[in-house]
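Analysis of the macromolecular model
Letter by letter, the chains look like this.
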Amino acid sequence: MPATEEQKFAFVRSLSQYDSKKFKTLIPQIISTMIVMCLNIMVGITYGYSAIFVPQALAEKDSPAAIELSHGEIAWIVSCVVAIAPIGAMSGGFIMDAIGRLNLLKIVAIPSVVGWLLLAMAKNVTMLICGRLMTGIALVWLMNPGNVYLTEISRKDVRGSFTSVCSLGASIGMLVVYIEGWYLTWRMIAWINIGYTVVFTLLLFLIPESPAWLMSKGRVEQARKSLEWFHKDQPPPENKNVTFALLSLTTLHKEHLAKKQEREQLSKNGVVQKLKMFGQPSGYKPMLITSGLYFFQQASGIHVIIFNSVIFFQDIGTSIDPYLATVYIGCMLLIMTIINTVLMKRFNRRTLMMTSATFMAIFMGISGLYTKWIKEGTTTQSWIPLVALIIYFIAAAIGFMTIPFMVQAEVFPLAIRGVAHAIISSVANLLAFGAIQYYFPMRQWMGPSNLQYFYGIMSLAGLVFVFAFMPETHNKKLSEIENYFWKHTTYLSVSQSEDQAKQPDPLDIVESVK
């Protein structure tokens, strides 16, 4: 029986079945992961920049370099970084599929440097918004290819831990910009960020492109060199398997090209074929589920608070310096993201997501309750809301803040993965744009305590959604995740015996090819 297109490229990823479990054999993957993590530091810096920019810009009214800002202009400066994301995501998805994961990461330096330069030299609102728009494009171009690249090069048993370092890099970036904001001006920070961009981009030239992407483009020799680099520390038996896999994939790719030519006769540009795949269960079901995860991520207030953290801490009435409180949050997010590399390896995605939603709801509710009492003057325990929010972010870090990005990289078939990432990232950023834009109106209409109650209720709603619809992707092959969507709509229909069934051996694919 001929192998399917997904099986062909899944075979490269399934080589991990043969990998030696010694730490040395993971070193090439670890090097690549650390370099991708460095790029994601810029993601965190971009996210956290508005938190220190807004209060500083409002406080420098009497300064010669001050720029007058209304609340409406502030909302646009804060949120435009995600408003441009759909355009960046759609273009990035096609570019990533066309030129490769790493090449897209390299050209990110262009919009990133231009954006930070505009912010550093800004003389009016227009320059500020344009600078944020350019850094917003860079942000999306950084996030998606990094996740896809790590998914494709990582061994199955460490894939969750490796992809989680994207969130680790973002957490480091947020902490860095929060600490810098405590001591430096927002203009100086923008200049420093140009240096970060250049250094991190140069590191990309030390690692090879994804073998799966290279083979999908028929670049067999480059795929061979990439495979050899990633498996160079394997003992001889495993290296023989790599060679055999490459030979098998070469044959399979010729078959793939023949079928592709047939498809292109029906659709010259291949767009119709991809649209048909989105109409299949393996296309539209993960699209709806990941969109739901991102909706509850934004509705529970995670990114709203990150983008407006200093102002948010001023509202809850804590006596602690709001800049220092933001640094505390940044430190806790960094610590939890490191811990996440272990949690992602040991625990199921669903378990972490439901735990996350439960504690987010509880401690956001506690923070809202004490904020109300502080405003009424019935308590002087102003430290409690801050502690509750720290625990809220600890809970968010183990689930709703990080796992949707990982699930997004795992649930789509290879043939539409780049475009699907672009669409989902567009949806996620449009949701973030709406949440951030409406923060100031909701803050004025509901008040700080009721707004926190709202975020707590949405966290509970997210718990129900995860329980009913989110599939389990932990320790699953990408082809198995795709098969899940052909059989199931809700996770409630998955039987225990099916969920714990033994995974097929990759040799089955080889036998099917023979």
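Above this text you will find the structure in question.
Heads up: these notes are all about the structure in this document.

Turning our eyes to something else, we now look at a nonpolar patch on the surface. Together, L117, M121, I179, W182, Y183, L184, M188 and W191 line one region of the surface with nonpolar side chains, adding up to about 780 Å² of accessible area. For the nonpolar patch, the secondary-structure elements that each account for two or more residues are α9 (165-183) and α10 (186-203). When residues of the nonpolar patch are assigned to their parent elements, the largest contribution, three residues, is made by α9. Within the secondary structure, L184 sits in the loop between α9 and α10.

Right, let's get into the packing of aromatic side chains. Scanning all chains against the criterion turns up 17 aromatic pairs. Measuring from ring centre to ring centre gives 5.5 Å for W76 and F433, while their planes differ by 50 degrees; the resulting arrangement is tilted. Within this pair, whereas W76 is found in helix α3 (residues 71-83), its partner F433 is found in helix α22 (residues 417-437), the two being separated by 357 residues in sequence. Grouped by ring-pair contacts, the aromatic residues Y49, F53, W116 and W186 constitute a single cluster. Geometry around F205 places K106 over its ring, the cationic atom sitting 4.3 Å from the centre.

On to empty space enclosed by the protein, then. Counting across every chain of the model gives five cavities of 30 Å³ or more. Here the largest cavity is characterised by a volume of approximately 220 Å³. Broken down by secondary-structure element, the contributors of at least two residues to the lining of the largest cavity are α2 (27-59), α7 (125-153), α9 and α16 (302-307). Residue composition of the lining of the largest cavity, grouped by class: nine nonpolar, seven polar and no charged. For the second largest cavity, the calculated volume is near 140 Å³.

Reading the values: rules and limits
- Residues numbered from 1 in each chain as written.
- Predicted model: local features only at pLDDT ≥ 70, side-chain atom pairs only at ≥ 80, totals over all residues.
- Heavy atoms only, no water.
- Patch = residues over 30% accessible without salt bridge, like charges linked within 9 Å, V, L, I, M, F, W, Y side chains within 5 Å.
- Areas by Shrake-Rupley, 256 points an atom, 1.4 Å probe, with all protein chains shown as cover.
- Salt bridge = Lys/Arg side-chain N within 4 Å of Asp/Glu carboxyl O.
- Helix = DSSP H or I, 4+ residues; strand = E, 2+ residues; numbered from the N terminus.
- Phe/Tyr/Trp six-rings, centres within 6.5 Å; stacked < 30°, edge-to-face > 60°.
- Lys NZ or Arg CZ within 6 Å of the ring centre and 35° of its normal.
- 1 Å grid on protein atoms, 1.4 Å probe; cavity = no way out; pocket = protein on both sides within 12 Å on 5 of 7 lines; lining within 4 Å.
- Points joined across faces, edges and corners; volume = space filled by probe spheres on them.
- Nonpolar A, V, L, I, M, F, W, Y, C, P; charged D, E, K, R; others polar.

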